[in-house]
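Structural characterization, general
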Amino acid sequence: MKHSSLLYFLVLTLFVSCYDIEKPEKPKDLLSEDKMVDVLVEISIMSSAKGINKRILENNGIKPVEYIYKKHGIDSMQFVNSNTYYSHDIEVYDKIYDKVKDSVTKLRDKYKAIQNKEKKKKEKEKKELKKAELKLDQNLLEKETN
């Protein structure tokens with residue numbers, strides 16, 4: 001009996017404590033949803049690049065997040081305030097992240113297509129070179145036999 005009443009009290013306390021969460025006020029310098037998507041896409045890309053080539057970025061004096069903020073003409077506080085504001089409306093936030101996911105997927109597909117095109121071009125050049133070598137070898141053999 002004591003355990004069930006204690007459990008009931010804890011659950012009730014949890015609901016009451018979470019009830020007063022207020023949505024933050026709209027920042028004066030709120031980033032538009034599209035700008036948030038652009039910034040988040042670049043942060044995502046830079047995170048991936050940083051994980052692979054962190055030392056190269058550091059050796060070149062590149063601080064990825066600062067670079068992105070400077071590129072978009074924003075500061076960290078503006079980004080944090082905008083991100084906090086949007087994160088309190090889960091539908092809007094999901095929409096933003098769906099756009100981020102779509103943009104990253106499109107970029108990935110675009111660069112994979114370029115990579116495949118370059119690979120096919122190299123394979124074609126290799127085949128042509130091999131054909132030219134075979135032709136040259138045949139010409140040399142014909143000259144030697146004559």
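Everything here concerns the structure above.
Residues numbered from 1 in each chain as written. Predicted model: local features only at pLDDT ≥ 70, side-chain atom pairs only at ≥ 80, totals over all residues. Heavy atoms only, no water.

**What about the packing of aromatic side chains?**
Applying the stated criterion to the full structure yields three aromatic pairs. Between Y85 and Y86, the aromatic rings sit 5.8 Å apart at their centres with planes inclined by 65°, giving edge-to-face as the arrangement. Accessibility classification places Y85 together with Y86 in one group, the buried group. Taking the centre distance of 5.1 Å and the plane angle of 65° together, the rings of Y93 and Y97 count as edge-to-face. Taken together, the residues span about one helical turn, with Y93 and Y97 both in helix α5 (residues 90–145) at a distance of four residues. The class for Y93 is buried, based on a relative accessible area of 16%. Judged by its relative accessible area of 37%, Y97 falls in the partly exposed class. (Phe/Tyr/Trp six-rings, centres within 6.5 Å; stacked < 30°, edge-to-face > 60°. Buried < 20%, exposed > 50% of the residue type's maximum accessible area, 1.4 Å probe, protein only. Helix = DSSP H or I, 4+ residues; strand = E, 2+ residues; numbered from the N terminus.)

**Observations concerning the nonpolar core**
Counting residues in hydrophobic clusters, the biggest one holds 19 residues, and the most contacted among them are F79, Y86 and I96. Within the residue set of this core, elements represented by two or more residues are α2 (33–59), α3 (64–72), α4 (76–87) and α5. Among the elements that take part in this core, α2 stands out by supplying eight residues, more than any other. Excluding anything up to four places from it in sequence, F79 contacts L31, M36, V39, L40, I43, Y69 and I74. (Core = buried A, V, L, I, M, F, W, Y, C linked by side-chain atoms within 4.5 Å. Contact = heavy atoms within 4.5 Å.)

**A word on a negative patch on the surface**
Residues E91, D94, D98 and D102 make up a contiguous surface patch of negative charge. Position of D102 relative to the elements: it lies in helix α5. Look at D102 and you get partly exposed, because its relative accessible area is 46%. (Patch = residues over 30% accessible without salt bridge, like charges linked within 9 Å, V, L, I, M, F, W, Y side chains within 5 Å. Areas by Shrake-Rupley, 256 points an atom, 1.4 Å probe, with all protein chains shown as cover. Salt bridge = Lys/Arg side-chain N within 4 Å of Asp/Glu carboxyl O. Lys, Arg positive; Asp, Glu negative; His and termini not counted. Charge placed at Lys NZ, Arg CZ, Asp CG, Glu CD.)

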